[in-house]
Amino acid sequence: MSNNLRINKNNFIDQTVRISFKFNGKKLFGYKGDTLASALLANNIHLVGRSFKYHRPRGIMTCGSEEPNAIVQIGNDPSLTDPNVRATEIELFEGLEAFSQNCWPSVNFDVGGINNFLSPLLPAGFYYKTFMWPASFWEKYEFFIRHSAGLGKSPTKPDQDLYDHQYAHFDVLVIGGGISGILSAKLSAEKGLNTMLVDDKNYLGGSTIYQDDNNFKINNENSNQWIKKQIEDLKKLPNLTIKNRTSVAAFHGYNYLLARENLNDHLSSYERKGNIRQRLWKIRAKKVVIATGAIERPLIFSNNDRPGIILSSSIKKYIDYYGVKTGENISLFTNNDSAYETAISLNKSGVKVKVIIDIRENSNSILSKQVERSGIKILKGYTVIDTDGYKKIKSFDVMKLSKDGGSVVGNKITYKCDCLGISGGWTPMVHLFTQSGGKLKFRNNDNVFIPDENKTPSKQISVGSSNGDFELDDVINNTVKNIKIFLGLDKNDLENLNIKCSKEKQKRNIWLLPSNKPISKTKPFLDFQNDSTAKDVKLALREGFKSIEHVKRYTTTGMGTDQGKLSNMHALGIIADTTGTNMGDLGTTTFRPPYTPLTFGAIVGRNVGKFFDHTRKTAIHDWHVKNKAQFENVGQWKRPWYFPKNGETMHQAVQRESKAARESAGILDASTLGKIDIQGEDASEFLNRVYTNAWSKLAIGKCRYGLMLNEDGMVYDDGVTTRLAENHYIMTTTTGGAANVLSKLEDYLQTEWPELNVYLTTVTDQYSTMSICGPNSKKIIKKIIPSLDLSDESFPHMSFKNSKINNVNCRIMRISFTGEHSYEINVQSNYAKDVWERCIEAGKEFNITPYGTETMHLLRAEKGFIITGQDTDGTLTPSDLQMDWIIGKMKYDFIGKRSLYRSDTIREDRKQLVGLLTDDPKEVLEEGAQLVESLDKPIEMLGHVTSSYFSPNLNKSIALAVVRSGKKLKGKKLIVPMENKNINVTITDTVFYDKENKRLNA
Amino acid sequence: MFIINCPYCGERDQTEFSCGGEAHIERPKQPTELSDDQWAEYLFMRKNIKGIQFERWNHIHGCRKWFNVIRDTSNDKIHAVYKMGEKPPIKSL
Ligand SMILES: [Zn+2]
């Protein structure tokens, strides 16, 4: 079978370029310009997939983004395969391989098809009802559901394609390149406005471009000829950007839109190599024109889902645009004039339409009369009641409608066919309008929701059929008239065109067509992708669901990847009919972005791998790498974690580093600590207000540890601040807190205390910090700066000196986070690596040992120093941390002070920081482990471990924990229950090592 | 995503700003003289209105200045932007 359904006269398919492709492993060919769907139809392949619940055979039903059935997997490369692609949208390319989804083992023989025969057992809410009970069976149900259902397969390897983001600013964005979009873009660009026109197809002109019929004329030309000239003119306009293959996915507030441009999905893998696959446009437009068109509605009757049942306008596009006959024996079923256009197109291409079933009693349009005259049989006031055929439609039954349209009368007539076109009128594509916050109004005479121009949130306008104008004359006249007002245009040559349109608007709407059988014996599908029927909706209403949002979720109507583009209106209509409500009062369900699915690749763009987030490295980073540091991520920073030697484990390295730091000398890169330069005549007063302790009396050249709270009294950050001069301080913050502390301080300065003359500048990156600790630290500093007086009298603990190392200015603070005698050297970052290397060189004879964050944590835990964010979690006051000494009781106010004596913060049974020793000194607790007093059930949780290490300097395990009423419980035995053992611990003081602080001055 | 007219820089994308919650809640001058309830009123109670809300915003990825915004939270329409310390240009809507 090879392209026997292809006709040879058309302008859009290049029949000189043959393209071979595979569908379910079978080699086929089509032509340049085909979509996968048109090529499959040309090969007489309708059956492309199985439905989600009943696994019913399903065929190509449409020619666009609303396609519910023809959803395929493209390719089978584990990193490039693409699931859930609509065959109606993907352009054919050489080597394309497509596979049916949702069928096993094959589309022609499907195991799940048995569900079709079980369908009486699978009603609305089936998933909720069946899989609810018993709960223990859920895993089995889930396995069953996942195995037999599923929409495509995700790639298993990382995506190798490139994606791009681009920002764009335009005066006017026109969405949709059909006739109304073309005219809008032309008027806008001619006015000199910077305009962008996007269309999701690879051509412009919408359905007008293939409307070659003398029933539709503009200025005495067939409409396709006229629009072609308009497009040629359009392309010459300099201030117009046209993007084809670009679909707007989201319309946010303030005219911010996201559009995805497909750059190479239509190319063969050879042509794609190395190029960008998709570009996500982030567009701000001063004004937006929505010209997204309309989608034809299906008709709802029993077994309306068989392969070969296709929307009438799609049949027309397949024949007129692609030159593909969707069948040899086609009939049409309609409630409006659109099907007659299709009949004329088919006739012209030599396909005889057997019969047109029209539920209207009559139509007086020129078009329908012309069809009637051509000899096509028309059954007026009739309806299709059922169809037959399994993998393809074979026949359909019709009966006469009663006068009120509520039932059928007379005898059943059966017609054979291989394709049935259906047309239920048109639904404006208002998705983008409502996404932007626009509200819809209901037009009763033809049952459509259209944009309410009085409830439009931003500078935008809907035109053409997306605004409810479906006929050529209305589309052109209203578009030109409304765009003229919208853009403030003068008179233009698109006004007063001579338009001939031979259609009539008259339509007879019956949401659910009657049958000769009771509804329980019929299968009138509403949502083809999710297999929900009109029966399901009625059942949901009987079971008490009233809100349309609930009915939608209960029946899953409109919840597929097509977002119910075909099904929503009918579902609403049936609800309105059944409940006796006006559709306008019922409203619609919410349309959410994206309008058509977006790839994750397009969303993330280039922000993958090492570009996912910034990486911050200290100025000494290269030295750490060279010396085999293992790194730890602290926020965006890479910090050395430990420096393993000769194949040491982490534990071994940390034990060695910790011992060396206490026995001789250790050196730490502390550059990541936040540093804020504070200047101004009120700097001291400012510090008084932000820290809990007193600052006014701190002498120049001295350092002080400070604790910062939130207004709720909880510890927020801590660090040492040094007074460099009368009105000049340098504050250090935790690594993770740096940015937030600066913002918080700025907030207070700008909003609460604008009277203070204080300036804050972050200098975290400008200065690097290295901390040298241990009993030999003094000797090392002496070697580097021989001139510096390091005596305790001249340079005591908690003081600072300016100095020079090899002519490099540095600030040296004598401060300690380890409890050892130690110095912190701060230098401008571009000298840091050199200074660091001088320290290492000078320290060689003392076995100076570089250590990382793990050893730092261990050493400070030995001293009971907290790490905010590890030992605190935003629920601990200074008192909870046993740090009452740092509260400036004499101070009138500071951030958080009032909260320290709220009824809740003065409770004695708050969780409080304590030390823990394990009865077995070798047993190291897990951080996060729970503490209990007794194992009798129910077990009461008293607190948890916040820090835990094996201390090589004490030769035992130590831990910090927060425990309810912990301050009073010193000496108490508690239990840490673990998975396979219970560990006995005793509450102790938080300081484990050198309680008298003798080593600071050693 | 909306556009905010920073009183110092002009119109910028929302992504450059961060919201600091309800505006015009002044930190009490004498917290120690407040009862627990009065302090709690300042500390915890914030409005979350569907409709017109007075908010603090910070041009955090720009000039880093704080200012006030009157925004309709139901549709993100911004009715006014004014500097810290200034009186709202609109009393109520
Ligand atoms: Zn600004």
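Our subject is the structure listed above.
This report concerns the structure included in the present document. (Residues numbered from 1 in each chain as written. Chains lettered and ligands numbered in written order. Predicted model: local features only at pLDDT ≥ 70, side-chain atom pairs only at ≥ 80, totals over all residues. Heavy atoms only, no water.)

1. A look at the overall build of chain B
Note the cut-off: Comment: elements are numbered from the N terminus, with helices defined as DSSP H or I runs of at least four residues and strands as E runs of at least two. The rule is simple: take the accessible area with a 1.4 Å probe, protein chains only, and divide by the maximum for that residue type; under 20% is buried, over 50% is exposed, in between is partly exposed. Every residue pair with non-hydrogen atoms within 4.5 Å of one another is taken to be in contact. Values of accessible area rely on a 1.4 Å probe in the Shrake-Rupley scheme; residue burial ignores everything except the protein chains shown.
Scanning chain B from N- to C-terminus turns up one helix and six strands. Reading the secondary structure of chain B in the N-to-C direction produces β-β-β-α-β-β-β. Expressed as lengths along the three principal axes of its C-alpha atoms, the size of chain B is roughly 45 × 30 × 20 Å. When burial is assessed residue by residue, chain B has 33% of its 93 residues classed as buried. When contacts within chain B are restricted to residue pairs at least 6 apart in sequence, those whose partners lie at least 24 apart make up 45%. Entry remark: accessible area of chain B is about 5,400 Å², with carbon and sulfur atoms responsible for 47%.

2. Considerations on helix α19 (residues 650-663) of chain A
All names here are of chain A. Stated formally: For a helix, the expected span equals 1.5 Å multiplied by the residue count minus one.
Spanning 14 residues, α19 covers 20 Å between terminal C-alpha atoms, matching the ideal 20 Å at 1.5 Å per step. Here α19 has its buried residues at Ala653, Val654, Gln655, Glu657, Ser658, Ala660, Ala661 and Arg662. On the buried face of α19, the contacting elements are β33 (637-642), β34 (666-669), β40 (767-773), β44 (849-850), α24 (853-862) and β47 (941-951).

3. What to know about the environment of Ala39(A)
Residue and element names in this part refer to chain A. Inspection of the secondary structure assignment puts alanine 39 in helix α1 (residues 36-42). Residue alanine 39 is classed as buried on the basis of its relative accessible area, which comes to 0%. Once the C-alpha coordinates of alanine 39 and lysine 535 are considered, the two residues, 496 residues apart in sequence, prove to be 35 Å apart. Apart from the residues within four sequence positions on either side, alanine 39 is in contact with Arg6, Phe21, Gly30, Asp34 and Leu92.

4. Looking at the interface of chain A and chain B
We count it as follows: The term buried area refers to how much accessible surface (probe radius 1.4 Å) is lost by two components on association, counted for both of them together. One speaks of a salt bridge when a side-chain nitrogen belonging to Lys or Arg is within 4 Å of a carboxyl oxygen belonging to Asp or Glu. Polar contact is defined as a pair of N or O atoms within 3.5 Å, subject to the rule that within protein one atom must be able to donate a hydrogen and the other to accept it, and that residues adjacent in sequence are counted only when both atoms are side-chain atoms. Under the grouping applied here, Gly and all other residues not named as nonpolar or charged are polar, the nonpolar ones being Ala, Val, Leu, Ile, Met, Phe, Trp, Tyr, Cys and Pro and the charged ones Asp, Glu, Lys and Arg.
Counting from both sides, the interface comprises 25 residues of chain A and, opposite them, 28 residues of chain B. With both sides pooled, the region where chain A packs onto chain B buries about 2,300 Å², and carbon together with sulfur makes up 46% of that total. Across the contact surface, chain A and chain B share five salt bridges. Applying the counting criterion to the chain A and chain B interface returns 19 residue pairs in polar contact (both at pLDDT 80 or more). No other element matches the eight residues that helix α21 (residues 738-752) of chain A contributes to the side of chain A that touches chain B. Its residues placed into classes, the side of chain A that touches chain B shows eight nonpolar, eight polar and nine charged.

5. Considerations on unusual backbone geometry
Residue and element names in this part refer to chain A. The peptide bond linking proline 593 to proline 594 adopts the cis configuration, its omega dihedral lying at 0°. Position of proline 594 relative to the elements: it lies in the loop between α16 (583-586) and α17 (600-604). Each neighbour pair has its own omega, and for lysine 937 with proline 938 the value is -5°, a cis peptide bond. By the element assignment, proline 938 lies in the loop between β46 (930-932) and β47. In this model, asparagine 847 sits at a positive phi of 55°, which is unusual for a non-glycine residue. Inspection of the secondary structure puts asparagine 847 in the loop between α23 (829-843) and β44.

6. Some words on the sheet that holds strand β23 (residues 408-416) of chain A
Residue and element names in this part refer to chain A. Stated precisely, the cut-off is as follows: When DSSP finds at least two bridges between two strands, those strands are taken to pair. Only the contacting stretch of a helix is used when fitting its axis, a line to C-alpha atoms as for every element, and angles between N-to-C directions run 0 to 180 degrees.
If you trace the three strands from one edge of the open sheet to the other, you get β21-β22-β23, paired in antiparallel fashion. Across the chains shown, the open sheet's two edge strands, defined by having one partner strand only, are β21 (382-388) and β23. With direction set aside, neighbouring strand axes in the sheet form an average angle of 25°. With six bridges connecting them, β21 and strand β22 (residues 395-401) associate as antiparallel partners. In the strand pairing of β22, threonine 383 is matched with methionine 399.

7. Some details on the sheet that holds β40(A)
All names here are of chain A. As summarised here, the arrangement of the six strands in space is β41-β42-β43-β40-β34-β44, forming an open sheet in which the pairing is mixed. The open sheet has two edge strands, β41 (799-805) and β44, and neither has a second partner. Sheet analysis places strand β42 (residues 808-814) next to strand β43 (residues 822-828), joined by four bridges and oriented antiparallel. Residue pairing for β43: isoleucine 812 is matched across the bridge by isoleucine 825.

8. Comments concerning the side chain of Thr692(A)
Residues and elements named next belong to chain A. Locating threonine 692 in the fold gives a position in the loop between α20 (683-690) and β36 (703-709). A distance of 2.8 Å separates a polar side-chain atom of threonine 692 from the backbone oxygen of isoleucine 886. When neighbours within four sequence positions are excluded, threonine 692 is seen to be in contact with Leu707, Leu709, Ile886, Ile887, Gly888, Lys891 and Phe894.

9. Quick notes on the coordination of the zinc ion
Residue and element names in this part refer to chain B. The condition that has to hold: Water is not among the atoms examined, so metal sites may look incomplete; donors are the N, O and S atoms within 2.8 Å of the metal, or within 3.2 Å for Na, K and Ca. In short, tetrahedral needs four donors with all angles between 85 and 135 degrees, square planar needs four and octahedral six donors with opposite donors over 155 degrees apart and all other angles between 65 and 115, and whatever is left is irregular.
Protein coordination of the zinc ion is provided by Cys6 (SG), Cys9 (SG), His59 (ND1) and Cys63 (SG), with donor distances spanning 2.0 to 2.3 Å. Coordination geometry of the zinc ion: the four donor atoms subtend angles of 106 to 113° at the metal centre, consistent with an arrangement described as tetrahedral. Going along the chain, you hit the donors of the zinc ion in the pattern C-x2-C-x49-H-x3-C. Taking relative accessible area as the criterion, cysteine 6 reaches 2% and is therefore assigned buried. Note on cysteine 9: relative accessible area 29%, which makes it partly exposed.

10. Structural notes on the packing of aromatic side chains
Residue and element names in this part refer to chain B. So the rule is basically this: Paired rings are identified among Phe, Tyr and Trp, the last through its six-membered ring, by centres lying within 6.5 Å, and are further divided according to the angle between planes into stacked (under 30 degrees), edge-to-face (over 60) and tilted (the rest).
For the coordinates displayed, the defined rule picks out 23 aromatic pairs over all chains. Relative to tyrosine 42, the ring of tryptophan 39 has its centre 5.1 Å away and its plane inclined at 45°; by these criteria the two rings are tilted. With tryptophan 39 and tyrosine 42 both in helix α1 (residues 36-44), this residue pair falls three residues apart, about one helical turn. When sorted by exposure, tryptophan 39 lands in the same class as tyrosine 42, which is buried.

11. Here's the deal with the packing of helix α13 (residues 534-542) of chain A against helix α15 (residues 568-579) of chain A
Residues and elements named next belong to chain A. To keep it simple, the criterion reads: Any angle from 65 to 115 degrees is called roughly perpendicular, while one under 35 is roughly parallel, one over 145 is roughly antiparallel, and all others are oblique. Handedness of a crossing follows from how the near helix is turned relative to the far one, being left-handed for an anticlockwise turn of less than a right angle and right-handed for a clockwise one.
For the pair α13 and α15, the least separation of the axes is 10 Å and the interaxial angle reads 45°. The angle between α13 and α15 falls in the class oblique. Remark: the crossing between α13 and α15 carries right-handed chirality. Judged by residue contacts, Ala534, Val537, Lys538 and Leu541 of α13 engage Ala571, Ile574, Ile575, Thr578 and Thr579 from α15. When grouped by side-chain class, the residues that make up the contact of α13 with α15 number six nonpolar, two polar and one charged.

12. Observations concerning the environment of Val758(A)
Residues and elements named next belong to chain A. Position of valine 758 relative to the elements: it lies in the loop between α21 and β39 (759-762). Judged by relative accessible area, which is 8%, valine 758 ranks as buried. Sequence separation between valine 758 and glutamine 460 is 298 residues; the distance between their C-alpha atoms is 47 Å. Apart from residues lying up to four places away in sequence, valine 758 is in contact with Ile678, Gln679, Gly680, Asp682, Ala683, Phe686 and Leu749.

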